[in-house]
Amino acid sequence: MKDRLIVALDTGDLEDIEGISGRLMEMGVPWVKLGFQAFSSVGVAGFEWLGQNGHRIFLDLKFHDIPNTVARDVGMMTKHGVHMMNMHAAGGIEMMQAARVSADAASSRKSRPILLGVTMLTSIDGSGFQASFGSERPLTEQVVHLARQTQEAGLAGVVASPLEIEPIRAACGDDFVIVTPGIRPKWAATGDQRRFTTPAEAITRGADYIVVGRPVLEAADPGEAIKRILDEMM
Ligand code: C5P
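Note that the coordinates shown come from a computational prediction; the quantities given were computed from them, not determined experimentally.

Definitions and cut-offs
- Residues numbered from 1 in each chain as written.
- Predicted model: local features only at pLDDT ≥ 70, side-chain atom pairs only at ≥ 80, totals over all residues.
- Heavy atoms only, no water.
- Phe/Tyr/Trp six-rings, centres within 6.5 Å; stacked < 30°, edge-to-face > 60°.
- Helix = DSSP H or I, 4+ residues; strand = E, 2+ residues; numbered from the N terminus.
- Buried < 20%, exposed > 50% of the residue type's maximum accessible area, 1.4 Å probe, protein only.
- Lys, Arg positive; Asp, Glu negative; His and termini not counted.
- Salt bridge = Lys/Arg side-chain N within 4 Å of Asp/Glu carboxyl O.
- Polar contact = N/O pair within 3.5 Å; in protein donor to acceptor, adjacent residues only side chain to side chain.
- Near = heavy atom within 4 Å.
- 1 Å grid on protein atoms, 1.4 Å probe; cavity = no way out; pocket = protein on both sides within 12 Å on 5 of 7 lines; lining within 4 Å.
- Sits in = over half its atoms within 2 Å of the grid points.
- Nonpolar A, V, L, I, M, F, W, Y, C, P; charged D, E, K, R; others polar.

Caption draft 1: View of the packing of aromatic side chains. Throughout the structure, instances matching the rule amount to 3 aromatic pairs. Here Trp31 and Tyr209 contribute two aromatic rings whose centre-to-centre distance is 5.7 Å and whose plane-to-plane angle is 80°, an arrangement assigned as edge-to-face. Separated by 178 residues along the polypeptide, Trp31 in strand 2 (residues 31–34) and Tyr209 in strand 8 (residues 209–212) bring together distant segments of the chain. By relative accessible area, which is 14% here, Tyr209 ends up buried. When the centroid spacing of 5.2 Å and the interplanar angle of 35° are considered together, the rings of Phe129 and Phe133 count as tilted. One end of the pair, Phe129, and the other, Phe133, are both in helix 5 (residues 126–133), 4 residues apart, so they sit about a helical turn from each other. Judged by its relative accessible area of 47%, Phe133 falls in the partly exposed class.

Here it is, written out as structure tokens:
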């Protein structure tokens, strides 16, 4: 389970990043997720430092641009040793294919990063999706559609809500990687997340990796929060 927990270091505070990543390593949890805040603090030099400390890096910059631009972004980050990164599946098959080709060219078979398509943000619920996208489609149908497109483009998997694991598995199979944010232990505040489950439920439903941010970052004792989440995952 320790390899399946990804802690989102959603902070720009270097002391917090060092403190929490240190606790994670002590507990044998390698994955950390860096978004814009952490990335703008640690930069690419931070990848090396985190890598030397034994971390695996999920760079969550959710690329969404024309194929040429995303391919270059992904190629560059692959060269910097990122282990997992994502892009909005809504950017289209051509964009995702270009990213995959670029990552392949920039890496060896062993160092190839796990590329993921983001389906729909877990802060958006069914009515929010229909209002923002002017669509009458049920949200789950849209998520499954985007997951299929991601698979067709040759990416390893998707980021989706734990509530959508079953239909994605049915459409894309057991080898397709499913990473689920929208995780809330019973003792944590829900914040802006709308489509969430507990860590145990996400694992039972078949998530390959779960992403947890604020329940750890905002805990009085982050180390204790990580331990409780791991216990819940077992
Ligand atoms: O703090 P919390 O546990 O809600 O953090 C979830 C993390 O996962 C955040 O970094 C957020 O940006 C990210 N994420 C998400 N929903 C997605 C994709 C990424 O919550 N669909």
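Let us keep going from here.
Caption draft 2: Seen up close, the side chain of Arg184. Looking at the secondary structure, you find Arg184 in the loop between strand 7 (177–180) and helix 8 (199–205). The side chain of Arg184 is buried and forms no salt bridge, while Asp192, the nearest opposite charge, is found at 5.1 Å. Of note is the side chain of Arg184, whose polar atom sits 2.8 Å from the backbone oxygen of Ala189. Among the polar contacts listed, one links the side chain of Arg184 to the backbone oxygen of Thr190, at a separation of 3.3 Å.

Caption draft 3: Summary view of the site of the ligand. In the vicinity of the ligand lie 17 residues, with Asp10, Lys33, Thr122, Arg184 and Arg214 positioned nearest. Asp10 is positioned with one of its side-chain polar atoms (N or O) 2.5 Å from an oxygen atom of the ligand. In a pocket analysis with a 2 Å cut-off to the grid points, the ligand is assigned to the largest pocket. Among the elements of the structure, strand 3 (56–63), strand 8 and helix 9 (214–217) are those that each provide at least two residues to the shell around the ligand. Residue composition of the shell around the ligand, grouped by class: 8 nonpolar, 3 polar and 6 charged.

Caption draft 4: Main features of unusual backbone geometry. For Lys62, which is not glycine, the phi torsion reads 40° and is therefore positive. For Lys62, the position within the fold is in strand 3.

Take it as geometry only, folks, not as evidence of what the structure does.
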